[in-house]
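Observations on chain architecture
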Amino acid sequence: DHEIQLFESIHVRSHWDEAQEKWYFSVVDVVQVLTDSTNPTDYLKKLRKRDAELGSYLGTNCPQVAMPSASGVMRRTLAADVPTLLRLIQSIPSPKAEPFKQWLAKVGYERMQEIADPAQSLDRARENWQKMGRSDKWIQQRMTGQETRNKLTDYWQTHGVQGSDQFALLTNLIHQEWAGVSVKEHKALKTLKTQNLRDHMSEAELIFTALAELSTRQIAQKEQAQGLSENAKAGVAGGRVARRAKEDLEQLTSQKVVTGSNFLPPVSGKKRVR
C-alpha cells in the first residue's frame, strides 16, 4: 500500500505495512521537508557521516522499501517508521520539526480511521485534491479513474502478475500504447519530478488513461490472460483502443490530448491545466 502524503503541499512517499500495521516514510523526502535542501540525498549522506551515532541508528532501523521514484518506477529507498523519524528530527534543526511531528500523528490517526471505515480514505483524497485547487469535475474524474485502475491491478494480482516491477512494466506499456509516450516521458513533458503524474493530468488525459485500463482489463478477462506475457498482450490491445479514440478526437478538435500542462505553481511562464 503505497501513498504520496502531503505535508504543506510537499510530497512525502509512504508505505503502509499491513503485517506490522504501521507507516514507513521515505527518509530522503522527510529530510527535504525539514531542510528545504535542493539535494536531500547529499544532505542525508553528510548528516550520517557527521553524526556517526545517527548513521548507525538509521542503518539498523531503516529498511529499504520499494516506493515510486520520480519516473514512476518502483525503486527501493531508505524508509523509517515514526519512532525512527522522531530520532532523525532531533538531529536536524528545523522550524518545521514540531509541525511535522503533529502531521505524523495525524497521518497515523487517519489511517486507523480508514481501516475501520474505508470510505474515509476517499474523503481524505478528495479533501487533498480540493486543497490543491482541483475542480469538483476533475476530482470526480480522478476518483473514477482510480477505481478503474484498482480493478485492473486486482485482476493482475490474481492472474500471475508478480511484484511491483511487473505492475510498473505493464502500466508503462499501456500508457506508451495510448499516449505515444512513456510514463517517464509524460512526466518530463509536464516538468514533474516526485509528483504523481495522474494528479497533474487534464480531464482528457484522465479519461483516456481510464479507457485504456478499462479496455485492458476487459480484454484480459475475455482472453483469461495469465502471467506477464499474456497480460502484456492485453495491455497493448487495450492501449490501442484508447489510442484510436484519442486520435479521432484530436482530428476532430485539432487539439492534442497529451500536453505539458500541469497543476504546478506557475514558474517561468509554465502553463497550468484548466
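Just so we're clear, the structure is a prediction, and the values are computed from it rather than from any experiment. All residue numbers refer to position in the chain's written sequence, counted from 1. Local features are withheld for residues below a pLDDT of 70 in this predicted model, meaning they are given only at 70 or higher, and side-chain atom pairs are given and counted only at 80 or more; totals for whole chains, interfaces and linings count all residues. As a convention, hydrogens and water are excluded, and side-chain values are obtained from all of the structure's heavy atoms.

1. Some thoughts on the pairing of strand E3 (residues 22-26)
Here's how the labels work: a residue is buried when its accessible area is under 20% of the maximum for its type, exposed when over 50%, partly exposed in between, all with a 1.4 Å probe on protein chains only. Working definition: helices are DSSP H or I runs of at least four residues, strands are E runs of at least two. Numbering for both runs from the N terminus. With 4 of 5 residues buried, E3 is to be regarded as a mostly interior element. Pairing between strands is defined by DSSP: at least two bridges between them are needed. In this structure, strand E2 (residues 10-17) lies alongside E3, joined through 4 bridges in antiparallel fashion. Counted as the bridge partner of Trp16 is Trp23 from E3. As paired elements, E3 and strand E5 (residues 74-80) share 2 bridges and run antiparallel to each other. Paired with Ser26 across the bridge in E5 is Ala79.

2. A closer look at the confidence of the model for the chain
On a scale of 0 to 100, pLDDT captures the predictor's confidence in every residue. Residues with a pLDDT of 70 or more make up 86% of the chain, whose mean pLDDT is 85. Between the elements of the chain, mean pLDDT differs from a low of 64, seen in strand E1 (residues 2-7), to a high of 98, seen in helix H11 (residues 227-253). The contact criterion used is simple: two residues touch if any of their non-hydrogen atoms lie within 4.5 Å. Scored below 50 in pLDDT, residues 115-119 shows 1 contact in the model against residues more than four places distant or in partner chains.

3. Points about the nonpolar core
Only buried residues count toward a nonpolar core. Its members are Ala, Val, Leu, Ile, Met, Phe, Trp, Tyr and Cys residues joined through side-chain atoms within 4.5 Å. One finds Phe25, Val27, Val30, Leu88, Phe100 and Trp103 to be the most contacted residues of the largest nonpolar core, which totals 27 residues. Among the elements of the structure, E2, E3, helix H1 (27-35), helix H2 (40-50), helix H3 (52-61), E5, helix H4 (82-90) and helix H5 (97-116) are those that each provide at least two residues to this core. When residues in this core are grouped by element, the largest group, 6 residues, is from H1. With 18 residues, the next largest nonpolar core counts Phe167, Leu170, Trp178 and Ala234 among its residues.

4. Concerning H3
Among the residues making up H3, those that are buried are Leu54, Gly55 and Leu58. Viewed end-on, H3 has its buried residues packed into an arc of 100°, placing them on one side of the element. The outward face of H3, more than 90 degrees from its buried face, is lined by the exposed residues Ala52, Glu53 and Thr60. If you follow the buried residues of H3, they end up packed against H2 and H4. Working note: the arc is built from the helix axis to C-beta atom directions.

5. Digging into the pattern of salt bridges
Salt bridge, as applied in this entry: a Lys or Arg side-chain nitrogen positioned within 4 Å of an Asp or Glu carboxyl oxygen. This model, assessed by the stated rule, comprises 14 salt bridges. For Asp29, the salt bridge goes to Arg13, with nearest N and O atoms at 2.9 Å. Note that Asp29 is positioned in helix H1 and Arg13 in strand E2, a separation of 16 residues in sequence. Arg13 shares its class with Asp29; the two are buried. Glu147 is the salt-bridge partner of Lys151, the closest N and O atoms lying 3.8 Å from each other. Of this pair, Lys151 and Glu147 both sit in helix H7 (residues 136-158), 4 residues apart, roughly one helical turn. Residue class for Lys151 comes out partly exposed when judged on its relative accessible area of 40%. Classification of Glu147 by relative accessible area gives partly exposed; the value is 46%. Linked through salt bridges whose partners overlap, the residues forming this network are Arg149, Arg198 and Glu213.

6. What to know about the environment of Pro63
Note on placement: Pro63 falls in the loop between H3 and strand E4 (64-68). A sequence separation of 14 residues divides Pro63 from Thr77, and the C-alpha atoms of the two residues are 8.1 Å apart. Each residue touching Pro63, except ones within four places of it in the same chain, is listed here: Tyr24, Thr77, Leu78 and Ala79.

7. Considering the packing of aromatic side chains
Side-chain rings of Phe, Tyr and Trp, where Trp is taken by its six-membered ring, are said to pair if the distance between their centres is within 6.5 Å; with planes under 30 degrees apart they count as stacked, over 60 as edge-to-face, and otherwise as tilted. In total, this model carries 7 aromatic pairs according to the counting rule given. With a centroid separation of 5.8 Å and 55° between ring planes, the pair formed by Phe25 and Trp103 is classed as tilted. Placement of Phe25 in strand E3 and of Trp103 in helix H5 is noted, with a sequence separation of 78 residues between them. A relative accessible area of 0% means that Phe25 is categorised as buried. Under the relative-accessibility criterion, Trp103 is labelled buried at 11%. Members of the aromatic cluster, joined through ring pairs, are Trp23, Phe25, Phe100 and Trp103. In this scheme, the term charge over a ring applies when either NZ of a lysine or CZ of an arginine sits within 6 Å of the ring centre and within 35 degrees of the ring normal. Between the NZ or CZ atom of Arg134 and the centre of the ring of Trp138, over which it lies, the distance is 5.0 Å.

8. Structural notes on the environment of Tyr24
With respect to the element layout, Tyr24 can be found in strand E3. On the basis of relative accessibility, which here comes to 7%, the residue Tyr24 falls in the buried class. It is 9.0 Å that separates the C-alpha atoms of Tyr24 and Pro63, two residues lying 39 residues apart in sequence. Leave out the neighbours within four places in its chain, and Tyr24 touches Arg13, Ser14, His15, Asp17, Pro63, Met67, Ala79, Ala80 and Asp81.

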